[in-house]
Amino acid sequence: MKKLINQPNAVVDEMIEGYAAAYPQYIRVLPQNKRSLVSVQTVRKGKVGIVIGGGSGHEPAFMGLIGSGFVDGVPVGNVFASPPPDPILEVTRAVNGGAGVLYMYGNYAGDCMNFDMAAELAAMEDIRVETVRVTDDVASAPKEDAEQRRGIAGGFLVFKAAGAAADQDYSLDEVVRIANKANDCVRTMGVALSPCSVPQTGKPSFTLAEDEMEIGLGIHGEPGVRRGKLKTADEVADELLDQITADMELSKGDRIAILVNGLGSTPHMELFIVYRRVAARLEELGVQIHRSFVGEFVSSLEMGGCSVSVMKLDEELIRMIDHPVDTPMYVQK
């Protein structure tokens, strides 16, 4: 599996060097830790600091979301691995404007452990930190155990809602409330068509036959809920949406945001074909699509496949989802 890299163990640091060189108007790398990235424009006194993070390999998540109206800082981990506490703490210090800091990340054991350790260290420096863990992956646990679910592409919508609230100078308690509300209102289901390979191994992260797909596979290659023969785009879209609507009650007149997310090697052509079917199905249900996002938001290196996320909206969440943002990887006016 071919890659444009130099040394496998240098890919993350060299990626950050290139990213910082490409977008100096948005980000800077902290001198204390080369894995700590912060905004050059959004950190200000009295504003809640928004920190997200996780492993590399999910670009444009997470560092691509640093910018106005969105995220203030990102500690960067190794490929598919949580950042350690040190860069998290450095970012926390840098984005703290006196109103506290919110951590948001996918619900994975390594992220939970390391971000919690950083929060404890920040508390020793009188920096108040609160945490919201994203749990949008319908495939990873039953509804009655929703707090155990993984966080995948729907985290983009959760981060966006919280970032908008912080940008509007909401208090930390209010930003946390909105982040939790957004997380409660989003569901995601994905399908994998082909594996990725971690640079350090050069080997496929899992195996699928040429005519196979796997429903519910995680963004690090975690097992899904069903493996079977590859179906048409419409059939796949129906299965993903059926899993979501079975878990989330949608009624005629509801308003939603929808995200069709590519996992790394799926062309936009195919993503729009999936979106077309999902939009038609939702129209049949009488559900109004308020805003759509189609593209790569949370990838998995070069994995083939996509995910569908649905967020149920009320007036407050509509204001957050519509809030303008300006980042290197996503701009919304």
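Here is what the cut-offs are and how they apply
Each residue is numbered by its place in its chain's sequence as written, counting from 1. Since the coordinates come from a predicted model, pLDDT governs what is reported: local features require at least 70, and pairs of side-chain atoms require 80 or more to be given and counted, while whole-chain, interface and lining totals use all residues. Heavy atoms from the whole structure form the basis of all side-chain values; hydrogens and water molecules are not counted. Think of it this way: DSSP has to see at least two bridges between two strands before they count as a pair. Strands are runs of DSSP state E lasting at least 2 residues, helices are runs of H or I lasting at least 4, and numbering of each runs from the N terminus. Here, residues are in contact when the closest pair of their heavy atoms is within 4.5 Å. Only the stretch in contact is used when fitting a helix axis, every axis being a line fitted to C-alpha atoms; angles between N-to-C directions are given from 0 to 180 degrees. Orientation is classified from the angle alone, with under 35 degrees giving roughly parallel, over 145 giving roughly antiparallel, 65 to 115 giving roughly perpendicular, and any other angle giving oblique. Rotating anticlockwise by less than a right angle from the far helix to the near helix defines a left-handed crossing, while the corresponding clockwise rotation defines a right-handed one. Polar here means any residue other than Ala, Val, Leu, Ile, Met, Phe, Trp, Tyr, Cys and Pro, which are nonpolar, and Asp, Glu, Lys and Arg, which are charged; Gly is therefore polar. Residues enter a nonpolar core if they are buried and are Ala, Val, Leu, Ile, Met, Phe, Trp, Tyr or Cys, with the set joined through side-chain atoms within 4.5 Å. A 1.4 Å probe rolled over the protein chains alone gives each residue an accessible area, and that area as a share of the maximum for its type sets the label: buried under 20%, exposed over 50%, partly exposed in between. A side-chain nitrogen of Lys or Arg and a carboxyl oxygen of Asp or Glu constitute a salt bridge if their distance falls within 4 Å. Each aromatic pair joins two rings of Phe, Tyr and Trp (for Trp, the six-membered one) with centres within 6.5 Å, and gets the label stacked for planes under 30 degrees apart, edge-to-face for over 60, and tilted for any other angle.

### Describing the pairing of strand 9 (residues 212–215)
Remark: a regular strand shows side chains that alternate across the two faces of the sheet.
Part 1 of the argument: Of the strand pairs in this sheet, strand 8 (residues 186–194) and strand 9 are connected by two bridges, and their pairing is antiparallel. From the neighbouring strand, Ala192 faces strand 9, where its bridge partner is Glu214.
Part 2 of the argument: When strand 9 meets strand 10 (residues 226–229), the two strands line up antiparallel, connected through four bridges. What sits directly across from Met213, in strand 10, is Gly228.

### Looking at the environment of Pro324
Part 1 of the argument: Relative to the helices and strands, Pro324 resides in the loop between helix 8 (315–322) and strand 14 (325–326).
Part 2 of the argument: Measuring from C-alpha to C-alpha, the distance between Pro324 and Ser68 comes to 8.1 Å, with 256 residues separating the pair along the chain.
Part 3 of the argument: Once residues within four sequence positions are removed from consideration, Pro324 is found in contact with Ser68, Gly69, Gln332 and Lys333.

### Things to note about the sheet that holds strand 8
Part 1 of the argument: Strand order in the open sheet formed by six strands is 10-9-8-13-11-12, and the pairing between neighbours is mixed. Each edge of the open sheet is held by one strand with a lone partner, namely strand 10 and strand 12 (288–295). The sheet shows a mean angle of 15° between the axes of neighbouring strands, direction not considered.
Part 2 of the argument: Bridge analysis of strand 8 against strand 13 (residues 304–313) gives eight bridges, and the strand direction is antiparallel. Along strand 13, the bridge assignment pairs Gly190 with Ser307.
Part 3 of the argument: Helix-sheet contacts for helix 7 (residues 268–284) involve strand 11 (255–262), strand 12 and strand 13, and the interaxial angle to strand 12 is about 165°.

### A closer look at the packing of helix 4 (residues 155–167) against helix 5 (residues 172–184)
Part 1 of the argument: The N-to-C vectors of helix 4 and helix 5 enclose an angle of 160°; their axes lie 8 Å apart at closest approach. The angle between the axes of helix 4 and helix 5 places the two elements in the roughly antiparallel class. Crossing angle aside, the handedness with which helix 4 passes helix 5 is right-handed. Residues Val158, Ala161, Ala162, Ala165 and Ala166 of helix 4 touch helix 5, and the partners they reach there are Val175, Ile178, Ala179, Ala182 and Asn183.
Part 2 of the argument: Tallied by class, the residues present in the contact of helix 4 with helix 5 amount to nine nonpolar, one polar and no charged.

### Some points on the nonpolar core
Part 1 of the argument: Ile50, Ile52, Leu102, Met104, Phe156 and Phe293 are the most contacted members of the largest nonpolar core, which totals 65 residues.
Part 2 of the argument: Considering every element that reaches this core, the biggest residue donor is helix 4, with nine residues.
Part 3 of the argument: If we skip the residues at most four places from it in the chain, Leu102 touches Val48, Gly49, Ile50, Val51, Glu130, Thr131, Val132, Ala162, Leu172, Val175, Val176 and Ala179.
Part 4 of the argument: Ranked by size, the runner-up nonpolar core spans 26 residues in total, among them Met213, Ala237, Val274 and Leu282.

### Some points on the pairing of strand 2 (residues 36–39)
Part 1 of the argument: Along strand 2, one buried face is formed by Ser36 and Val38 and the opposite face, lined by Leu37 and Ser39, is buried too.
Part 2 of the argument: Hairpin geometry of strand 1 (residues 27–29) and strand 2 is characterised by an intervening segment of six residues between the two adjacent antiparallel strands.
Part 3 of the argument: Two strands pair when backbone bridges link them, and strand 2 and strand 5 (residues 73–79) are joined in this way by three bridges, in the antiparallel orientation. Across the sheet, Ser36 pairs through a bridge with Pro75, a residue of strand 5.

### Some words on the pattern of salt bridges
Part 1 of the argument: According to the stated counting rule, one finds 29 salt bridges in the structure shown.
Part 2 of the argument: The network of salt bridges with common partners includes Glu174, Arg177, Lys181, Asp314 and Glu316.

### Side note on the packing of aromatic side chains
The geometry of two aromatic rings is summed up by the distance between their centres and the angle between their planes.
Part 1 of the argument: Here the structure, examined in full by the defined rule, presents 12 aromatic pairs.
Part 2 of the argument: A centroid spacing of 6.3 Å and a plane angle of 70° characterise the contact between Tyr23 and Tyr26, whose relative ring orientation is edge-to-face.
Part 3 of the argument: Given a relative accessible area of 24%, Tyr23 falls into the partly exposed group.
Part 4 of the argument: Residue Tyr26 is classed as buried on the basis of its relative accessible area of 12%.
Part 5 of the argument: Centre to centre, the rings of Phe156 and Tyr330 are 5.5 Å apart; their planes meet at 90°, and the pair counts as edge-to-face. Of this pair, Phe156 sits in helix 4 while Tyr330 is found in the loop between strand 14 and strand 15 (331–332), placing the two residues 174 residues apart along the sequence.
Part 6 of the argument: The exposure class assigned to Phe156 is buried, which follows from its relative accessible area of 1%.
Part 7 of the argument: Members of the aromatic cluster, joined through ring pairs, are Phe70, Phe156, Phe293, Phe297 and Tyr330.

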